[in-house]
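Observations on chain architecture
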Amino acid sequence: MDHSGPVCVLGLGLIGGSLLRDLVAAGTSAFGWNRSTATVDAAIADGFDVSGDLVATLRRAEKEDALIVLGVPVPALPTMLSAVAEHAPSCGITDVTSVKGEVLSLVEDHGLSDRFVGGHPMAGTADSGWDATMEGLFRGAVWVVTTDGAPELPDETVDATWLRIWCRVVHLAVGVGAAVVPARSAAHDGAVARISHLTHVLAESLAVTADRGGALSLSLAASSFRDATRVAGTEPGLVRAMCENNRDALVTALDETISLLQQARADLAAPDRDIAGLVDAGHAARLRYEALAGRVAGEPSARPYIRLQPGVSGWLEQLHYAESVGAQIALLEV
Ligand code: NAP
């Protein structure tokens, strides 16, 4: 099965624009659309095949059987999905959005779930827009590819259209150097609430608390403060779009954190001022993370690695096993 083919990226901000750069650099036929003319002009000036005409871009995607990548934030998705349904009625669709359950329900509302496979590259910077785009942003990064279209039970039939698009999305992510980790949308949202969305809420809270300490606090702030508040520099609209669209999972994670903080506060205020409970548990958790992900950014990960042959007997069990252990996958051709 050939999983290559043209790619059409809608929305050329940090993620969509960087993807377009990587695809073109890898020799993939790729073109794009962006709402603001400033980005369209800048991308064309940089040599990319980009248009500001959405209808024309989608008709071209339909004609070329391109895989459509939605590179816009959640609030822009309903309009984009309506346009895709109307002007590119048979293209495969994926996205890069940081929440997956909300996107899946929007996709279902538009009757597009049979040709949608969600994606979330776990890469980024605090900068936005075409000027922030770069080649190599996804190299070595995890790229979650959703599996909601795969039957839970191994003896059920896998929809052939869905499987073809799923393989194309895996191929896209691998082609830009990412490590594909499969997950159901709900499992993804529960996990990213803990490791990403909660991080944003805590970084904002920490920045506010330090700022309230006045000029001296900020003058003394060094690398621990800089590292812990880095993501508070993200464009606020993007943070709100992530957190507010993953509310249930984020509230669960926040409740756990608040309970840890309340216990630490009580321990600190008690006569023996002993916060070993939180500090020891946090240190151990950080060491477990480092054992899996490497001690510094860029070190090889120790996450499990599973090769799958879609369509071959037993492959769905392997896929579900990979999901259950957070494994990276690679596709073997049948
Ligand atoms: P960005 O740099 O701010 O780019 C946003 C893009 O969406 C721009 O092309 C913008 O077009 C377009 N857009 C915004 N609102 C629109 C609307 N109403 N209609 C049409 N186009 C619209 O943001 P980004 O970081 O690339 O984020 C894009 C997606 O990637 C988001 O869903 C985000 O959750 C996800 N993501 C972000 C990161 C990260 O670290 N930043 C990481 C992983 C995933 P204009 O030029 O016209 O404004």
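Residues numbered from 1 in each chain as written. Predicted model: local features only at pLDDT ≥ 70, side-chain atom pairs only at ≥ 80, totals over all residues. Heavy atoms only, no water.

As annotated in an unreviewed UniProt entry, the protein chain is Prephenate dehydrogenase from Corynebacterium terpenotabidum Y-11.

**Some points on the environment of Gly111**
Put simply, the rule is: Runs of H or I in DSSP of at least four residues are treated as helices and runs of E of at least two as strands, each being numbered from the N terminus.
The topology assignment puts Gly111 in the loop between helix H5 (101-109) and strand E6 (119-121). With 30 residues separating them in the primary sequence, Gly111 and Leu81 have C-alpha atoms 9.5 Å apart.

**Some words on the side chain of Thr234**
Spelled out, the test is: In the analysis that follows, any N or O atom pair within 3.5 Å is treated as a polar contact, provided that within protein one partner can donate a hydrogen and the other can accept it, and provided that, for residues neighboring in sequence, both atoms belong to side chains. Note on definitions: a residue-residue contact is assigned when non-hydrogen atoms from the two residues lie within 4.5 Å.
Here Thr234 is to be found in the loop between helix H9 (223-229) and helix H10 (236-244). At a separation of 2.8 Å, a polar atom in the side chain of Thr234 contacts the main-chain carbonyl oxygen of Val231. For Thr234, the contacting residues outside a window of four places in its chain are Ala126, His200 and Val239.

**Comments concerning the UniProt feature "domain: Prephenate/arogenate dehydrogenase" (unreviewed entry) in the protein chain**
Filter applied, for reference: UniProt positions are given in the numbering used here, feature names are shortened, and annotations may be inferred rather than shown by experiment.
As annotated by UniProt and renumbered to match this structure, "domain: Prephenate/arogenate dehydrogenase" (unreviewed entry) occupies residues 5-300. Across residues 5-300, the secondary structure splits into 54% helix and 10% strand, with the terminal C-alpha atoms separated by 30 Å.

**Here's the deal with the environment of Ala160**
Secondary-structure assignment places Ala160 in helix H6 (residues 160-175). Separated by 120 residues in sequence, Ala160 and Val40 place their C-alpha atoms 36 Å apart.

**Let's talk about the site of the ligand**
The cut-off we apply is this: Being near a molecule or strand, for a residue, comes down to having at least one heavy atom within 4 Å of it. Surface accessibility follows the Shrake-Rupley procedure with a 1.4 Å probe radius. Residue values consider only the protein chains on display as shielding. Each residue receives one of three labels: charged for Asp, Glu, Lys and Arg, nonpolar for Ala, Val, Leu, Ile, Met, Phe, Trp, Tyr, Cys and Pro, and polar for the others, Gly being one of them.
Around the ligand sit 25 residues in total, of which Leu14, Ile15, Asn34, Ser98 and Gly129 are the nearest. Between Asn34 and the ligand, the recorded distance is 2.6 Å, taken from a side-chain N or O atom to an oxygen atom. Arg35 is positioned with one of its side-chain polar atoms (N or O) 2.9 Å from an oxygen atom of the ligand. Computed on the free molecule, the ligand has an accessible area of 890 Å², of which 81% lies beneath the protein chains in the complex. Looking at the shell around the ligand, the elements with two or more residues in it are helix H1 (14-25) and E6. Classifying every residue of the shell around the ligand by side-chain character gives 11 nonpolar, 13 polar and 1 charged.

**Points about H6**
Applied cut-off: To estimate how far a helix should reach, multiply one less than its number of residues by 1.5 Å. Think of it in three bands: with a 1.4 Å probe and only protein chains considered, a residue is buried below 20% of the maximum accessible area for its type, exposed above 50%, and partly exposed in between.
Taking 1.5 Å of rise per residue, 16 residues should cover 22 Å, and H6 covers 22 Å from first to last C-alpha, within 8% of that figure. Listing the buried residues of H6 in full gives Trp162, Leu163, Ile165, Trp166, Cys167, Arg168, Val169, Val170, Leu172 and Ala173. With a side-chain oxygen positioned 3.2 Å from the backbone nitrogen of Thr161, the residue opening H6 is Asp159. Two residues or fewer after H6 comes Gly177, characterised by a positive phi angle close to 90°.

**Re the sheet that holds strand E4 (residues 67-70)**
Here is the rule we go by: What makes two strands pair is DSSP finding at least two bridges between them. Here, axes are lines fitted to C-alpha atoms. For helices the fit covers the stretch in contact, and angles between N-to-C directions go from 0 to 180 degrees.
Taken in spatial order, the 5 strands line up as E3-E2-E1-E4-E5 in an open sheet, and their pairing is parallel. Only two strands of the sheet have a single partner each, and these edge strands are strand E3 (50-51) and strand E5 (93-95). Inspection of the sheet shows E4 paired to E5 by 3 bridges, in the parallel sense. Bridged to Val69 within E5 is Thr94. Sheet strands touched by helix H4 (residues 77-87): strand E1 (7-10), strand E2 (30-33), E4 and E5. Its angle to E4, the strand with the most contacts, is close to 165°.

**Remarks on the pairing of E4**
Applicable threshold: Look down the strands so they point away from you; if going from the first strand over the helix to the second traces a clockwise path, that crossover is right-handed.
Across the two faces of E4 the burial is the same, with Leu67 and Val69 and Ile68 and Leu70 all buried. Taken together, the 4 bridges between E1 and E4 define a ladder with parallel strand orientation. By the bridge assignment, Val9 is partnered in E4 with Val69. Remark: the E4/H4/E5 crossover connection has right-handed handedness.

**Thoughts on the domain arrangement of the protein chain**
Which entries qualify depends on this criterion: Domain limits in this description derive from either an automatic procedure or a database domain assignment. Once two parts are brought into contact, the accessible area they lose, counted with a 1.4 Å probe and summed over both, makes up the buried area. Definition used for salt bridges: Asp or Glu carboxyl oxygen within 4 Å of a side-chain nitrogen of Lys or Arg.
Each assigned domain of the protein chain is listed here: domain 1 (7-183 + 304-331) and domain 2 (189-273). Once you take the C-alpha centre of each, domain 1 and domain 2 turn out to be 30 Å apart. Approximately 880 Å² of surface area, both sides summed, lies buried where domain 1 meets domain 2, with 61% of it carried by carbon and sulfur atoms. When the buried surface of domain 1 facing domain 2 is broken down by residue, Ser98, Val99 and Ala126 rank first, second and third, together holding 45% of it. Linking domain 1 to domain 2 there are 0 salt bridges. In this assembly, domain 1 and domain 2 are joined by 2 residue pairs in polar contact (both at pLDDT 80 or more). Looking at the side of domain 1 that touches domain 2, its residues break down into 6 nonpolar, 4 polar and 2 charged.

**Some words on the packing of aromatic side chains**
To be explicit about the condition: By convention, a stacked pair of Phe, Tyr or Trp rings (six-membered ring in the case of Trp) has centres within 6.5 Å and planes under 30 degrees apart, an edge-to-face pair has planes over 60 apart, and any other such pair is tilted.
With the rule as written, the count across this model stands at 4 aromatic pairs. Note on Trp162 and Trp166: the rings are 5.9 Å apart at their centroids and 25° apart in plane angle, and the pair reads as stacked. Taken together, the residues span about one helical turn, with Trp162 and Trp166 both in helix H6 at a distance of 4 residues. In terms of burial, Trp162 and Trp166 fall into one category: buried. Ring geometry for Trp166 and Trp315: centres 5.8 Å apart, planes at 50°, overall tilted.

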